[in-house]
Amino acid sequence: MTSDLGNLTTIEFTKENQVATIVLNRPDKLNAFSAAMHQELYWVLTNIANDDSIRCVLLTGAGRGFCAGQDLDERKGGEKMDLGEKLENGYNKNLRLLKTIHAPIVCAVNGVAAGAGANIALNCDIVVAKKSAKFIQAFSSIGLIPDCNGTWLLPKLVGLARAKAIAMLGTPILAEQAVDWGMIYEAVDDEVFDTHVSDLVDTLAKRPTRALTFIKNIFDESYGNPYGAHLDRERDVQRVCGLTHDFAEGVAAFKEKRKPEFKGH
Ligand code: LHQ
């Protein structure tokens, strides 16, 4: 199935000044994920992955929440089911695609992020939250484990002790605590949140995109690489960076005491 992106009903998608903005848009349900939203997110991410002109992606939510995870109204309740299939063709399909996007991805957590909603945020490159927002590993409250790679990400971000406790207890973690724990990058006063996020994505979109792509990928790779092999990877990637326009421009601008004009390649 293909889409011209003309009839999105669960997501708002815009591109402006080399920034692609994705807004999860089911505010009445705190932007919980429906089957249609999975499909529409896939179309949107495909569009971004195929657009080299995009130099920053912003993911956020409409209304008072970021995302309450799976839409539980799509489940009857009182019945067992194969969630493996739901994960593979929904969340996992989208997260695998998200990982192929070259541009830095900012998640602006504008309100509660629960279940899959919390972990989708943590899969982004830079997570900024309103101070009033909270992160809830809601899964175990309905008899599940954290998904969307929460079990991979959380121990790395907050350490095993905290990861296990919040996954088992479903304790809401306020944005400032999430920063203290290293779960997210920053918590911002609600009143200045939108301006702050807008400045952040504009700044990122003007930075050397090629290097930023390498940065996000090589950090992820580091978890699976032995020490010496990783030094080899840095050498090889830095070799490519040194051959970019943006490296030449960055050094020239430094020497000429002016602001660099990066082109993203
Ligand atoms: C919702 C939801 C929601 C539908 C709020 N669904 N309507 C799961 C299974 C399948 C495949 C694999 O992956 C997964 C992964 C998961 O994501 S499991 C976790 C699913 N999510 C949850 O368990 C969170 C459920 N929601 C909540 O605990 C609360 O709504 C939170 C803490 C997020 C927010 O609480 P409040 O701020 O008090 O808001 P609220 O509860 O009043 O919700 C507002 C409305 O949104 C309300 O509708 P209503 O018509 O009464 O105004 C909720 O029913 C609806 N809503 N989450 N997940």
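Residues numbered from 1 in each chain as written. Predicted model: local features only at pLDDT ≥ 70, side-chain atom pairs only at ≥ 80, totals over all residues. Heavy atoms only, no water.

Colleague: Could you clarify how one ought to interpret unusual backbone geometry in this entry?
Modeller: Backbone phi values are negative for most residues with the exception of glycine, while trans is the configuration of most peptide bonds. Unusually for a residue other than glycine, N31 sits at a positive phi of about 60 degrees. By the secondary structure assignment, N31 is in the loop between β2 (19-24) and α1 (35-49). Judged by relative accessible area, N31 falls into the buried class, the value being 0%. If you check the backbone angles, N149 has positive phi at about 65 degrees while not being a glycine. (Helix = DSSP H or I, 4+ residues; strand = E, 2+ residues; numbered from the N terminus. Buried < 20%, exposed > 50% of the residue type's maximum accessible area, 1.4 Å probe, protein only.)

Colleague: Please explain the pattern of salt bridges as it appears in this structure.
Modeller: A side chain with one charge can pair with a side chain of the opposite charge if their charged atoms come near. Counted by the stated rule, this structure contains 16 salt bridges. For R26, the salt bridge identified is with D71, shortest N-O distance 2.9 Å. Residue R26 is located in the loop between β2 and α1, and its partner D71 is located in the loop between β4 (65-67) and α2 (83-89); the two are separated by 45 residues in the primary sequence. A residue is classified by how much of its surface remains accessible, and D71, at 3% relative accessible area, is buried. Among the salt bridges present, the one from D73 reaches K29, with a minimum N-O distance of 2.6 Å. Linking D73 in the loop between β4 and α2 with K29 in the loop between β2 and α1, this pair joins segments that are 44 residues apart in sequence. The structure contains a network of salt bridges with shared partners spanning R26, K29, D71 and D73. (Salt bridge = Lys/Arg side-chain N within 4 Å of Asp/Glu carboxyl O.)

Colleague: Is there a simple way to think about the pairing of strand β3 (residues 56-61) in this case?
Modeller: Within a regular strand, side chains alternate between the sheet's two faces. With 6 of 6 residues buried, β3 lies mostly within the body of the structure. Every second residue of β3 is oriented toward a common face, with C56, L58 and T60 on one face and V57, L59 and G61 on the other, all of them buried. Pairing of β2 with β3 involves 6 bridges; the strand directions are parallel. From the neighbouring strand, V23 faces β3, where its bridge partner is T60. Between the parallel pair β2 and β3, the chain is carried across by α1, and the sense of this crossover is right-handed. Sheet analysis places β3 next to strand β5 (residues 105-109), joined by 4 bridges and oriented parallel. Paired with T60 across the bridge in β5 is A108. (Pairing = 2+ DSSP bridges. Right-handed = clockwise from strand over helix to strand, strands pointing away.)

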